[in-house]
Amino acid sequence: MIEDRVNHVRRVIRTALPAEAAVVADLHARARATYYPDGVPQDGTDWLAAWRSAIERPDGHVLCIVQDGRIAGIASFRTTEGAPADTVKLYQFHVDPGRWRAGIGTELHAACVEEWQADGKRTATLDVHVDNRRAQSFYTRLGWVPDPENPPADGDHHRYLRYAVNGSAPGSAPGE
């Protein structure tokens, strides 16, 4: 049968483990390096510690998508302190640059939306770097729109986006 010759992609989406913080931080660094035209700014952030904290945080969640035994994408989200309980902020969303355009980002985003819906979230927000046109296009394809509560100001380095979670489809656009 022809089906026996088809190569099926096998991916697993799961919660990241504290022991994977270094792998997650490395993927994050490689992804960020693609959209800073003058190099990634060194702001003194200890990204390994930041990712370890995000993974261990009881009020947050870090999902990873694993393909071929390696983490290929990551998403970190939680409700921001002081924000309405039915909102969630997507703090980090990265796909390994060597695996872009393989559907990993779309699949990971769908898993995030599924979890947000299960948790009763109605609205998701994020901010994306102004030079990260690839991510902006990706989010637009999936239904993210400019956040009317956070319009861009002169000199902003980020664009603020909003997503209607409740009842929205996770997205079916070809992804990163």
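See the structure shown above.
About the thresholds
- Residues numbered from 1 in each chain as written.
- Predicted model: local features only at pLDDT ≥ 70, side-chain atom pairs only at ≥ 80, totals over all residues.
- Heavy atoms only, no water.
- Helix = DSSP H or I, 4+ residues; strand = E, 2+ residues; numbered from the N terminus.
- Buried < 20%, exposed > 50% of the residue type's maximum accessible area, 1.4 Å probe, protein only.
- Contact = heavy atoms within 4.5 Å.
- Phe/Tyr/Trp six-rings, centres within 6.5 Å; stacked < 30°, edge-to-face > 60°.
- Pairing = 2+ DSSP bridges.
- Axes fitted to C-alpha atoms, helices over the stretch in contact; angles between N-to-C directions.
- Core = buried A, V, L, I, M, F, W, Y, C linked by side-chain atoms within 4.5 Å.

K.L.:
When you look at the overall build of the chain in this model, what are you seeing that I'm missing?
P.N.:
Looking only at helices and strands, the chain features four helices and seven strands. Mapped from its N terminus to its C terminus, the chain presents α and β elements in the order β-α-α-β-β-β-α-β-α-β-β. The buried share of the chain, reckoned over its 176 residues, is 42%. Partitioning the intrachain contacts of the chain with sequence separation of at least 6 by distance along the chain shows that 67% fall at a separation of at least 24.

K.L.:
Help me understand the packing of aromatic side chains, please; the structure alone is not making it clear to me.
P.N.:
The geometry of an aromatic ring pair is captured by two quantities: the separation of the ring centres and the angle between the planes. Following the criterion strictly, the structure yields seven aromatic pairs and no others. Summarising the aromatic geometry, the rings of W116 and W144 are spaced 6.3 Å apart at their centres and angled 85° between planes, so their arrangement reads as edge-to-face. On the criterion of sequence distance, the pair formed by W116 in helix 3 (residues 104-118) and W144 in the loop between helix 4 (133-141) and strand 6 (145-146) is long-range, its members being 28 residues apart. With respect to burial, W116 and W144 carry one shared label: buried. Three or more aromatic residues joined by ring pairs form one cluster here, namely F77, F93, W116, F138, Y139, W144 and Y163.

K.L.:
Can you help me understand the sheet that holds strand 4 (residues 87-95) in this one?
P.N.:
One key point about sheets: their strands pair by backbone hydrogen bonds, in either a parallel or an antiparallel sense. Strand order across the open sheet formed by seven strands is 1-2-3-4-5-7-6, with mixed pairing between neighbours. The sheet terminates laterally at strand 1 (11-15) and strand 6, the two strands that pair on one side only. Relative to strand 4, strand 3 (residues 70-78) runs antiparallel, the two being bridged by six bridges. Looking at the pairing, A75 lines up with F93 of strand 4. Strands in contact with helix 1 (residues 21-32) are strand 3 and strand 4; relative to strand 3, the strand with the most contacts, it is inclined by about 90°. In the packing of helix 3 onto the sheet, contacts are made with strand 1, strand 2 (60-67), strand 3, strand 4, strand 5 (123-129) and strand 7 (158-164), and the angle to strand 2 comes to roughly 145°.

K.L.:
How do you make sense of the nonpolar core when you look at a structure like this?
P.N.:
In terms of nonpolar packing, the biggest core is built from 26 residues, with L90, F93, W116, Y139 and W144 touching the most fellow members. Put simply, the parts of the chain that give this core at least two residues each are strand 2, strand 3, strand 4, helix 3, strand 5, helix 4 and strand 7. Top contributing element to this core by residue count: helix 3, with six residues. Beyond its immediate stretch of four places on either side in the chain, W116 contacts F77, V88, L90, K121, A124, W144, Y163 and V165.

K.L.:
Help me understand the pairing of strand 2, please; the structure alone is not making it clear to me.
P.N.:
Residues in a regular strand project their side chains so that they alternate between the two faces of the sheet. The buried fraction of strand 2 is high, at six of eight residues. Strand direction decides the pairing type here: strand 2 and strand 3, joined by eight bridges, are antiparallel. Bridging from a neighbouring strand, H61 pairs with F77 of strand 3. Counting the residues between successive antiparallel strands, the hairpin from strand 2 to strand 3 contains two residues, one of them, D68, with a positive phi of roughly 55°.

K.L.:
I would appreciate a short explanation of unusual backbone geometry in the present structure.
P.N.:
Outside of glycine, negative phi angles account for most residues, and trans bonds account for most peptide bonds. Of note, D68 is a non-glycine position whose phi angle comes to about 55°, a positive value. Secondary-structure assignment places D68 in the loop between strand 2 and strand 3. D68 gets classed as exposed once you look at its relative accessible area, which sits at 63%. Its identity as a non-glycine residue notwithstanding, R101 has a phi of 65°, on the positive side. One can find R101 in the loop between strand 4 and helix 3.

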